[in-house]
Amino acid sequence: MRSSLKTFLITLFTLGSLTVHAQKSKPLFPEAPGIVSYTYRKDFQKDMASTLDIVKQNGITDIEFSNLFGRTADDIRKLLDERGIKCSSFGVNYEDAVEKTEVVAANAKKLGAIYVRVAAIPHKGKFTLADAKGAVETFNCVGKTLKEKYGLTFIYHNHGFEFEPYEDGTLYDYIVKNTDKRYVSFELDILWAFFPGQNPAELIKHYPKRYKTLHLKDLRKGVQGNLSGGTSVENDVVLGTGQIDIPAVIKAAKKAGIKHYYIEDESSSSLTQVPLSIAYLQGLKK
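The present account deals with the structure reproduced in this document. Residue positions are given per chain, counted from 1 along the sequence in the order it is written. In keeping with the model being predicted, local features are shown solely for residues with a pLDDT of at least 70 and side-chain atom pairs are shown and tallied solely at 80 or more, while totals for entire chains, interfaces and linings include all residues. Side-chain numbers come from the whole structure's heavy atoms, not from hydrogens or water.

## Looking at the sheet that holds strand S9 (residues 211-216)
Stage number 1. Here a strand pair is declared whenever DSSP counts at least two bridges between the two strands. Secondary structure elements are taken from DSSP: a helix is a run of H or I of four residues or more, a strand is a run of E of two residues or more, and numbering for both begins at the N terminus. Taken together, the 8 strands give a closed barrel; going around it, the order is S1-S2-S3-S4-S5-S8-S9-S12, and neighbouring strands pair in parallel fashion. Going from strand to strand, the sheet's axes swing by 30 degrees on average, the running direction of each strand aside.
Stage number 2. Pairing between strand S1 (residues 34-36) and strand S2 (residues 62-65): 2 bridges, direction parallel. Across the sheet, the residue bridging to Ile35 is Ile63, located in S2. Under this scheme, a helix contributes an axis fitted over its contacting stretch, all axes are lines through C-alpha atoms, and angles between N-to-C directions fall in the 0 to 180 degree range.

In structure tokens:
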């Protein structure tokens, strides 16, 4: 009897161990990532069709366009449709979002985008509370117009300088807390959160309902960050080879329900680095 019980317990323990191992070996990021057009900016400027072919060859079918590259939105949409690629987000500068909201919205709709993204806030010198307050007012206004008139969601992409200390947090916290969540959401650029000293995974956990998209990029080892919002594009390295804890970011983002993960590699080696970053993502395990 004791022998049978012992055998049963050993079998139960073994099956449990195998189950845990199987769970751990499941892919953390089984889907294909998206990409930001800025990654291939020079190539898109020269030959958009062949560059989109490269995107598709990498298994990517989700793109964020941050430029029309001298073409019309209709032309780009035709090229995308021919390749089965979807444009989910359209990036514009701050001034165009404010002064040409209708044109921006029309282009976003033609591209098939659901998000309109702004990636910086004009300011001189150090980013200030006044700059943050102005941005909050602008984002709420533009976001309301985009949502109510065009059915589009406004998202703001951090660029590092917003993390100036303020009260018990930062001016970035001030912007997130004071923008209307009905009209304003966020895109977290994980490098531009890490570079000024923030933990991108913790930011996602802190504001899990505000982020809609991510820019996935990694910072070269040894590079020291600051609040300038600027570093050499050559400091963008293959995901998983830099300083950022990519698995922690992905886990937090998955838990928060983020759907769009755009690789952005601004370096001159993006053509060779992007496939390596994709392989890294698809090799991650839970």
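## A word on the pairing of S9
When a strand is regular, its side chains alternate between the sheet's two faces.
Stage number 1. Burial runs high along S9: 5 of the 6 residues are buried.
Stage number 2. The pairing of strand S8 (residues 184-189) with S9 spans 4 bridges and is classified as parallel. Opposite Leu188, over in S9, you have Leu214 as the bridge partner.
Stage number 3. For S9 and strand S12 (residues 260-263), the ladder comprises 4 bridges, and the chain directions are parallel. When the sheet's bridge partners are listed, Leu216 is paired in S12 with Ile263. Relative accessibility under 20% of the residue-type maximum defines a buried residue, over 50% an exposed one, and the middle range a partly exposed one, all with a 1.4 Å probe and only protein chains included.

## A look at the layout of surface pockets
Stage number 1. Considered as a void within the structure, the largest pocket measures approximately 280 Å³ in volume.
Stage number 2. Only protein atoms enter the calculation, which uses a 1 Å grid: trapped sets of points that fit a 1.4 Å probe without letting it out are cavities, open sets showing protein on both sides within 12 Å along at least five of seven lines are pockets, and any residue with an atom within 4 Å of a point is a lining residue. For the largest pocket, the lining is made up of 17 residues, of which Ser66, Arg117, Ala119, Ala120 and His159 are closest to its centre.
Stage number 3. Elements with a minimum of two residues in the lining of the largest pocket: strand S3 (86-92) and helix H5 (94-99).
Stage number 4. Amino acids are sorted into nonpolar (Ala, Val, Leu, Ile, Met, Phe, Trp, Tyr, Cys and Pro), charged (Asp, Glu, Lys and Arg) and polar (every other residue, Gly among them). Counted by class, the lining of the largest pocket contains 7 nonpolar, 6 polar and 4 charged residues.
Stage number 5. Considering only enclosed or pocket space, the second largest pocket measures out at about 200 Å³ in volume.
Stage number 6. Looking at the lining of the second largest pocket, the elements that each hand over two or more residues are helix H2 (41-46) and helix H12 (270-283).
Stage number 7. The element contributing the most residues to the lining of the second largest pocket is H2, with 4 residues. Grid points are joined across faces, edges and corners, and a volume is the space filled by probe spheres set on the points.

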